[in-house]
Amino acid sequence: MKRRQIFLLLFCCWGLIIGASSMYLILSKQQSLLAFSERVAEEEIIYYPLRAPIVDRNGQNVCHTDWIFYIKASKKQKNNLMQIIKQLEIQPQTYTADNHTEYCILPKEKLSSAVILCRKYRLKIHKRITRNCIELPENVKIHLGKVLLYNGLYGLEAKYNSHLQGTPGVYQAIKGPRPLNSIEKNTFRILAPMRPGRMLKLKQSIPELQCGILPEIMEAE
């Protein structure tokens, strides 16, 4: 019995020592601990500007970059997706990526309403970047080039890549726990500002390009 009491007393003493040391650390080292936790939570974030357009000699877009907003739903969520489409009063244009996933492209003017409905039906709005080009002959398209996200792969898109791409901005911020990965605004710091890309102007008009005349650069603004 005495042995049991001794063990209980030792356990209580050990608990008090740990509790006292923890309180000491919290009270005496509070600022340094907070500073350390902030450094751990800080993340470097890179934001890319939208790629600048390529225009014809009249200033009309030949190639331009845009955001596409869409809802992605699993097979089980298809009814919820159809409810959102119905309430938004948009055309039911859904795309089946595979047997289990469907996508619905959202018009930009409906985004605010779509956000509210997606919260209600527990679906998420996704976005992706697209580089759009007008209908042109294949040889003209090849000469203009192709883009993967932000980088030109070949043609004029690759040759003038840094001109069109601009300079990504580098920022540092602390991400909060709720909502998940949200950025605490008061911790947001600019390490390098983002600079937009500059437009390319072609010597040809759109009708000339559509006739198969290869594009040439007239002006790099």
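Residues numbered from 1 in each chain as written. Predicted model: local features only at pLDDT ≥ 70, side-chain atom pairs only at ≥ 80, totals over all residues. Heavy atoms only, no water.

S.K.: For this particular structure, what's the right way to read the overall build of the protein?
M.R.: Along the backbone of the protein there are 8 helices and 13 strands. For the protein, the proportion of its 221 residues judged to be buried stands at 29%. Residue pairs in contact within the protein that sit at least 24 positions apart in sequence constitute 62% of those at least 6 positions apart. (Helix = DSSP H or I, 4+ residues; strand = E, 2+ residues; numbered from the N terminus. Buried < 20%, exposed > 50% of the residue type's maximum accessible area, 1.4 Å probe, protein only. Contact = heavy atoms within 4.5 Å.)

S.K.: Just checking my understanding: could you explain unusual backbone geometry for this structure?
M.R.: Glycine aside, negative phi is the norm for most residues, and most peptide bonds take the trans geometry. Even without being a glycine, Glu89 presents a positive backbone phi close to 60 degrees. As for its position among the elements, Glu89 is in the loop between helix 3 (78-88) and strand 4 (94-96). The phi dihedral of Arg122 is positive, around 55 degrees, even though this residue is not glycine. With a relative accessible area of 74%, Arg122 lands in the exposed category.

S.K.: Got a minute to help me understand the packing of aromatic side chains in this structure?
M.R.: The description of an aromatic ring pair uses the distance of the two centres, along with the angle that the planes make with each other. This model, assessed by the stated rule, comprises 3 aromatic pairs. Taking 5.6 Å as the distance between ring centres and 55 degrees as the angle between the ring planes, the aromatic pair formed by Tyr47 and Tyr171 counts as tilted. Of this pair, Tyr47 sits in strand 1 (residues 42-47) while Tyr171 sits in strand 9 (residues 169-176), and the two are 124 residues apart along the sequence. We classify Tyr47 as partly exposed; its relative accessible area is 37%. A ring pair is formed by Tyr70 and Tyr103, whose centres lie 5.3 Å apart and whose planes are at 55 degrees; its orientation type is tilted. Residue Tyr70 is found in strand 3 (residues 61-74), and its partner Tyr103 is found in strand 5 (residues 101-106); the two are separated by 33 residues along the sequence. Exposure remark for Tyr103: the relative accessible area of 22% places this residue in the partly exposed category. The positively charged end of Lys127 is found above the aromatic ring belonging to Trp67, 4.5 Å away from the centroid. (Phe/Tyr/Trp six-rings, centres within 6.5 Å; stacked < 30°, edge-to-face > 60°. Lys NZ or Arg CZ within 6 Å of the ring centre and 35° of its normal.)

S.K.: Where do I start with helix 4 (residues 111-121) in this structure?
M.R.: Since the α-helix turns once every 3.6 residues, residues separated by three or four places project in the same direction. Considered for burial, the residues of helix 4 that qualify are Leu111, Ala114, Leu117, Cys118 and Tyr121. Axial view of helix 4: buried residues confined to an arc of 120 degrees, hence all on one face. In helix 4, the exposed residues that point more than 90 degrees away from the buried face are Ser112, Ile116, Arg119 and Lys120. Looking at the packing, one finds that the buried side of helix 4 touches strand 3, helix 3, strand 5 and strand 6 (124-133). One or two positions beyond helix 4, positive phi appears at Arg122, with a value near 55 degrees. (Arc of directions from axis to C-beta.)

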